[in-house]
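Chain by chain, the residues:
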Amino acid sequence: QVQLVESGGGLVQAGGSLRLSCAASGRTFSNYVMGWFRQAPGKERELVAAVSRGGTYYADSVKGRFTISRDNAKATVYLQMNSLKPEDTAVYYCALGNTGWISQISQNYNYWGQGTQVTVSS
């Protein structure tokens, strides 16, 4: 049974920072892509960042501000979020892909965390 457990969300002022963590269990972690998605009220779920053996992906809206990293020994993926803006407010989900390739399509991720709320006040 694969489980993804997220932590680190919260309320922060614009310009502040948060670090999200996602601990995975139940599968060989290092072989698969890990991603962070977010969903704001009334909006589609979007891929924010992803990391594979071959590299990383960032949405244009977060490039230069967010950094994704993974610790395969701890089976944990992190999302360091700096210079946060009110438009970053959303529920953030970590997801484990079904391949080692980065995809922006949520259907290519078959395990999901419970979500963690990030709220950025202006």
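Please read these numbers as outputs of a predicted model, since none were measured by experiment.

Visitor: Help me understand the overall build of the protein in this model?
Guide: Looking only at helices and strands, one finds 0 helices and 11 strands in the protein. Secondary structure elements of the protein, listed N to C terminal, follow the sequence β-β-β-β-β-β-β-β-β-β-β. Rg of the C-alpha trace for the protein: 13 Å, near the compact-globule value of 14 Å for 122 residues, within the 12% margin. Each principal axis of the C-alpha atoms in the protein carries an extent, and together these give about 40 × 25 × 25 Å.

Visitor: Is there a simple way to think about the environment of Val5 in this case?
Guide: Among the structural elements, Val5 can be located in strand E1 (residues 3-7). Along the primary structure Val5 and Ser25 are separated by 20 residues, whereas in three dimensions their C-alpha atoms are 8.8 Å apart. In contact with Val5, other than residues within four places in its own chain, are Ser21, Cys22, Ala23 and Gln114.

Calculation notes
Residues numbered from 1 in each chain as written. Predicted model: local features only at pLDDT ≥ 70, side-chain atom pairs only at ≥ 80, totals over all residues. Heavy atoms only, no water. Helix = DSSP H or I, 4+ residues; strand = E, 2+ residues; numbered from the N terminus. Rg over C-alpha atoms; globule rule 2.2 N^0.38 Å. Contact = heavy atoms within 4.5 Å.

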